[in-house]
Amino acid sequence: CGSGTLLSSSYRAIQDVYVSESAKADRDADLVRFHKVLMENVIWGLDVLAYALHMSVATLALHNPDSEFDKSHLYTAPLGVFGWPLLGSLELFNQNQLNVLKNLVGETNGTQNISMGNVHLEPVEIGQGQWDLVIMNPPFARSCVDNLLFGSIEDKIQRKKLLEKYSGLISKNNLEGVGHAGLAAMFVYLAMKLVTQGGRCAFVLPKVAVMGE
């Protein structure tokens, strides 16, 4: 979810529909309750960077500063080797649960201590085929020259373990060749698995994801 810009736009679009439908029904729009419902029950966000989640929850909260909410579904999906390799939200390729570090507001999932080798992770049920809208700005990295897959991981041994697991996902899902378009293509595939029948997907993609064979 990055800094929350795309989620914020989705929030605004839903709010516009709510206000319009309330007017048609000749009733006042309760934007305080609307905000609480969206933040606690409707909007979910995943990112591998904890600071991005902090920015995201702040961006969303500013839509209605007068409305309090007790929890959110904005999660840090860790990327790296924490005793075993974790690929962030790509872990959802073949399972309905995602190990997360913490929930930023209200109930805590996992511990705030995220030092290597001392991480307690808690599973969160995500579920395939259940999402009305999947919207994302996936990583643009691809495996050429210095544009490394998982290039944010400086430790070469860790990166090697991540690449081995990533290659295993590609092979297991019969997606050989798709990875040539970089990580973005894999996130598109994941979105198609998550979205419900009749749902929508929206992406910000690099040119390489829509070029070539």
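Keep in mind it's a predicted model, so treat the numbers as computed, not measured. (Residues numbered from 1 in each chain as written. Predicted model: local features only at pLDDT ≥ 70, side-chain atom pairs only at ≥ 80, totals over all residues. Heavy atoms only, no water.)

### What about a nonpolar patch on the surface?
Part 1 of the argument: A surface patch of nonpolar side chains, amounting to about 370 Å² of accessible area, comprises Val48, Leu49, Tyr51 and Met55.
Part 2 of the argument: Inspection of the secondary structure puts tyrosine 51 in helix 3 (residues 50-61). (Patch = residues over 30% accessible without salt bridge, like charges linked within 9 Å, V, L, I, M, F, W, Y side chains within 5 Å. Areas by Shrake-Rupley, 256 points an atom, 1.4 Å probe, with all protein chains shown as cover. Salt bridge = Lys/Arg side-chain N within 4 Å of Asp/Glu carboxyl O. Helix = DSSP H or I, 4+ residues; strand = E, 2+ residues; numbered from the N terminus.)

### Looking at the environment of aspartate 66
Part 1 of the argument: Structurally, the position occupied by aspartate 66 is in the loop between helix 3 and strand 2 (73-76).
Part 2 of the argument: With 34 residues separating them along the chain, aspartate 66 and valine 32 place their C-alpha atoms 7.0 Å apart.

### A closer look at unusual backbone geometry
Part 1 of the argument: A positive phi angle, close to 55°, is found at aspartate 26, a residue other than glycine.
Part 2 of the argument: Along the chain, aspartate 26 falls in the loop between helix 1 (5-24) and helix 2 (31-42).
Part 3 of the argument: For asparagine 174, which is not glycine, the phi torsion reads 55° and is therefore positive.
Part 4 of the argument: Examined against the element boundaries, asparagine 174 turns out to sit in the loop between helix 4 (156-172) and helix 5 (183-194).

### Topic: the confidence of the model for the protein
Part 1 of the argument: Put simply, the protein has an average pLDDT of 85, and 87% of its residues get 70 or more.
Part 2 of the argument: Here residues 106-117 is modelled with pLDDT under 50, and outside its nearest four sequence neighbours on either side it reaches 26 contacts, counting other chains as well. (pLDDT = per-residue confidence, 0-100. Contact = heavy atoms within 4.5 Å.)

### Structural notes on the pattern of salt bridges
Part 1 of the argument: Inspection of the entire model under this criterion finds four salt bridges.
Part 2 of the argument: Notably, a salt bridge pairs glutamate 40 with lysine 36, separated by 2.8 Å at the nearest N-O pair. With a gap of four residues between them, glutamate 40 and lysine 36 both fall in helix 2, about one helical turn apart.
Part 3 of the argument: For glutamate 91, the salt bridge goes to lysine 165, with nearest N and O atoms at 2.8 Å. Here the residue glutamate 91 occupies a position in the loop between strand 4 (85-87) and strand 5 (97-100), and lysine 165 occupies one in helix 4, the gap between them amounting to 74 residues.
Part 4 of the argument: On the basis of relative accessible area, glutamate 91 is assigned to the buried category, the value being 13%. (Buried < 20%, exposed > 50% of the residue type's maximum accessible area, 1.4 Å probe, protein only.)

### Focus: the packing of aromatic side chains
Part 1 of the argument: Evaluation of the coordinates by the stated rule reveals six aromatic pairs.
Part 2 of the argument: Here tryptophan 44 and tyrosine 75 contribute two aromatic rings whose centre-to-centre distance is 5.6 Å and whose plane-to-plane angle is 50°, an arrangement assigned as tilted. Of this pair, tryptophan 44 sits in strand 1 (residues 44-47) while tyrosine 75 sits in strand 2, placing them 31 residues apart in sequence.
Part 3 of the argument: Taking the relative accessible area as the measure of exposure, tyrosine 75 reaches 3% and is therefore buried.
Part 4 of the argument: With a centroid separation of 5.5 Å and an interplanar angle of 35°, the aromatic rings of phenylalanine 93 and tyrosine 189 are classed as tilted. With phenylalanine 93 in the loop between strand 4 and strand 5 and tyrosine 189 in helix 5, this residue pair connects regions lying 96 residues apart in the sequence.
Part 5 of the argument: Site record: aromatic cluster; members linked through ring pairs are Tyr11, Tyr18 and Phe34. (Phe/Tyr/Trp six-rings, centres within 6.5 Å; stacked < 30°, edge-to-face > 60°.)

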